[in-house]
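So you can see what is in the structure, the chains are spelled out below.
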Amino acid sequence: MPISEEIAGANLNNQNDTASDYGVTMNFDNAEQQGFSTGDILWAVGVWSVILTLSPVIVFYMLMVA
């Protein structure tokens, strides 16, 4: 059963109205926010460095306990 454009548009407008009540702006046309920022890359490198640093310790612990 296909959804009519009127119902889909009403649902989208209803979501935008609810978001605007909480001070949230929904802007999907902003092309400047594509890609990763420097903070995103540093966060990912930090997370992976912790994972890769602790993984040998966890493997050694599992071998000793098992």
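For the protein chain, the helix and strand inventory stands at two helices and zero strands. Burial status across the protein chain gives 2% buried among its 66 residues. On the protein chain, roughly 6,500 Å² of surface is accessible, and the fraction owed to carbon and sulfur atoms is 65%.

In this model, helix H2 (residues 38–65) (28 residues) spans 40 Å end to end at C-alpha, consistent with the 40 Å of a helix rising 1.5 Å per residue. Within H2, the axis deviates most sharply at Leu54, by approximately 30°, and proline Pro56 lies no more than four positions further along. In terms of burial, H2 is a largely surface element, zero of the 28 residues being buried.

A word on a nonpolar patch on the surface. The grouping of Val50, Leu54, Val57, Ile58, Phe60, Tyr61, Met62, Met64 and Val65 at the surface amounts to a nonpolar patch, some 970 Å² of accessible area in total. Mapped onto the fold, Leu54 is located in helix H2. Taking relative accessible area as the criterion, Leu54 reaches 44% and is therefore assigned partly exposed.

Rules behind the numbers
Residues numbered from 1 in each chain as written. Predicted model: local features only at pLDDT ≥ 70, side-chain atom pairs only at ≥ 80, totals over all residues. Heavy atoms only, no water. Helix = DSSP H or I, 4+ residues; strand = E, 2+ residues; numbered from the N terminus. Buried < 20%, exposed > 50% of the residue type's maximum accessible area, 1.4 Å probe, protein only. Areas by Shrake-Rupley, 256 points an atom, 1.4 Å probe, with all protein chains shown as cover. Expected span 1.5 Å × (residues − 1). Bend = angle between axes of the 7 residues up to and from the residue. Patch = residues over 30% accessible without salt bridge, like charges linked within 9 Å, V, L, I, M, F, W, Y side chains within 5 Å. Salt bridge = Lys/Arg side-chain N within 4 Å of Asp/Glu carboxyl O.

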